[in-house]
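Okay, here's what each chain looks like letter by letter:
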Amino acid sequence: MSTMKAAVFVEPGRIELQERPIPEIGPTDALLRVTTTTICGTDVHILKGEYPVEAGRIVGHEPVGVIERLGDAVTGYEVGQRVIAGAITPCGQCHSCQEGISSQCGGKAMGGWQLGNTIDGCQAEYVRIPNAQANLTPVPDGLSDEQVLMCPDIMSTGFGGAEHGHIHIGDTVAVFAQGPIGLCATAGAKLMGATRIIVVDGVPERLETARKLGADVAINFREQDPVETIMELTGGRGVDVAIEALGQQQTFEACLRILKPGGTLSSLGVYSGKLSMPLDAIAAGLGDHTIVTTLCPGGKERMRRLMEVVASGRVDLTPMVTHRYKLADIETAYELFSHQRDGVLKVAITP
């Protein structure tokens, strides 16, 4: 039996490199030879046992690769073609997909998130892509793996937070947390037409990166109270849209407190505990606030559009790749990324 190297969730606190069989494919699948992938904050939630996946699952959901084999029913693609697949791999056929909420494929919460969750993922030498017809997107000539590496997840998620916040031209937007997804939300807010973007983080380097991606005001929460500062900056009015990109009670509540009446809180965080909404922060439920959540939009058309943004030069996310490791060293990469050492933003993993 042919085998491959793969990063496998063993138990909370332990992901290790193992030898696993190369996946078999069915008629609607494709087998990708992974050329570049990365580690996501959600993978760290899995590592810590904060998000449950079964023991033995190959992790990872952000593949850039080359088609190795195609199922008999898959048309329009060729073996050897460079492609990406989104972190979300919807079927394209169910009622959720047809209603335009393909991230919730099958009518199940997070049903579109299969790779590294309910099926084996892509932190491996090979990965099976389900429903390949709906999920493979050719990489345009001239774009490198690292240029499109953010498209499958953090770019789609961050932009989705801006899109679901229904940002209008001239809006004031605040983005709490400038990790990889928050930085993409900042870039997305700029593309959507926000004319005043306020970002909050405690790492000066991330605040500087946010400025390069479109932030107008950068607040270091270690030096000043972000709620008080934002309310002063807006003359007590509050922001039109607040984007929460960390997944903590403190930042969620702060977003509520700086939101204008009738404003929108767009939540991107992965929460691992109970959330509460103080009565004063939501005007006792009478402030006409909107709270929306987003799971990374997927599918081949979404990926095509994101790569068009990259190809146009309107957004360059390659500086977010701060570290590079071979798949053989992925356990070291996890240790670095999970502890957020050495200024890490994203890690490129190459088999």
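Conventions used here
Residues numbered from 1 in each chain as written. Predicted model: local features only at pLDDT ≥ 70, side-chain atom pairs only at ≥ 80, totals over all residues. Heavy atoms only, no water. Buried < 20%, exposed > 50% of the residue type's maximum accessible area, 1.4 Å probe, protein only. Helix = DSSP H or I, 4+ residues; strand = E, 2+ residues; numbered from the N terminus. Contact = heavy atoms within 4.5 Å. Axes fitted to C-alpha atoms, helices over the stretch in contact; angles between N-to-C directions. Parallel < 35°, antiparallel > 145°, perpendicular 65-115°, else oblique. Nonpolar A, V, L, I, M, F, W, Y, C, P; charged D, E, K, R; others polar. Pairing = 2+ DSSP bridges. Core = buried A, V, L, I, M, F, W, Y, C linked by side-chain atoms within 4.5 Å. Polar contact = N/O pair within 3.5 Å; in protein donor to acceptor, adjacent residues only side chain to side chain. Phe/Tyr/Trp six-rings, centres within 6.5 Å; stacked < 30°, edge-to-face > 60°.

A. Local environment of helix H9 (residues 249-257). Among all positions of H9, only Thr 251, Phe 252, Ala 254, Cys 255 and Leu 256 are buried. Packing partners of the buried residues in H9 comprise strand E8 (172-176), helix H8 (226-233), strand E11 (239-244), strand E12 (259-267) and strand E13 (290-293).

B. Spatial organisation of the packing of helix H5 (residues 151-164) against helix H10 (residues 300-312). Relative to each other, H5 and H10 sit at 90 degrees, their axes nearing to 11 Å. With respect to H10, the axis of H5 lies roughly perpendicular. Contact residues: Cys 151, Pro 152, Met 155, Ser 156, Phe 159, Gly 160 and Glu 163 in H5; Arg 302, Met 303, Leu 306, Met 307, Val 309 and Val 310 in H10. Partitioning the contact of H5 with H10 into residue classes produces nine nonpolar, two polar and two charged.

C. Spatial organisation of the sheet that holds strand E9 (residues 196-201). The sheet built from six strands is open, its strands ordered E10-E9-E8-E11-E12-E13 with parallel pairing. Either end of the sheet is taken by a strand with one partner, and the two such strands are strand E10 (217-220) and E13. Pairs of neighbouring strands in the sheet enclose a mean axial angle of 15 degrees, with direction left out of account. Relative to E9, E8 is paired through five bridges, and the arrangement is parallel. The residue bridging Thr 172 from the neighbouring strand is Arg 196, located in E9. In the packing of H9 onto the sheet, contacts are made with E8, E11, E12 and E13, and the angle to E12 comes to roughly 150 degrees.

D. Layout of the nonpolar core. Core analysis: the largest hydrophobic core is formed by 42 residues, its most contacted members being Cys 151 and Met 155. Of all the elements in the fold, those that place two or more residues in this core are H5, E8, helix H6 (180-192), E9, helix H7 (204-212), E11 and H10. Residues in contact with Cys 151, not counting those within four places in the same chain, are Ile 84, Ser 156, Met 303, Leu 306, Met 307 and Val 310. Formed by 24 residues, the second largest nonpolar core is a distinct cluster that contains Val 59, Ile 88, Trp 113 and Val 344.

E. Highlighting the pairing of strand E4 (residues 64-70). Bridge count for strand E3 (residues 30-38) against E4 is six bridges, and the pairing is antiparallel. Among the inter-strand pairings, Leu 31 is bridged to a residue of E4, identified as Arg 69. Two strands pair when backbone bridges link them, and E4 and strand E5 (residues 82-85) are joined in this way by three bridges, in the antiparallel orientation. Of the residues in E5, the one forming a bridge with Val 64 is Ile 84.

F. The arrangement of unusual backbone geometry in detail. For His 166, which is not glycine, the phi dihedral falls at a positive 50 degrees. For His 166, the location among the structural elements is in the loop between H5 and E8.

G. Region of the structure containing the side chain of Thr 251. Its location among the elements puts Thr 251 in helix H9. Within polar-contact distance, the side chain of Thr 251 engages the side chain of Glu 244 at 2.5 Å. Not counting residues up to four positions away in its chain, the partners in contact with Thr 251 are Phe 176, Glu 244 and Leu 246.

H. The packing of aromatic side chains, seen in detail. Per the stated rule, a full pass over the model turns up two aromatic pairs. Here the aromatic rings of Tyr 51 and Trp 113 are separated by 5.0 Å at their centres, their planes lie at 35 degrees, and the arrangement is tilted. Within this pair, whereas Tyr 51 is found in the loop between helix H1 (41-47) and E4, its partner Trp 113 is found in the loop between helix H2 (95-98) and strand E6 (126-129), the two being separated by 62 residues in sequence. Residues Tyr 51 and Trp 113 agree in their burial class; the two are buried. Centroid distance Phe 252 to Tyr 271: 6.0 Å. Interplanar angle 85 degrees. Geometry classified as edge-to-face. Placement of Phe 252 in helix H9 and of Tyr 271 in the loop between E12 and E13 is noted, with a sequence separation of 19 residues between them.

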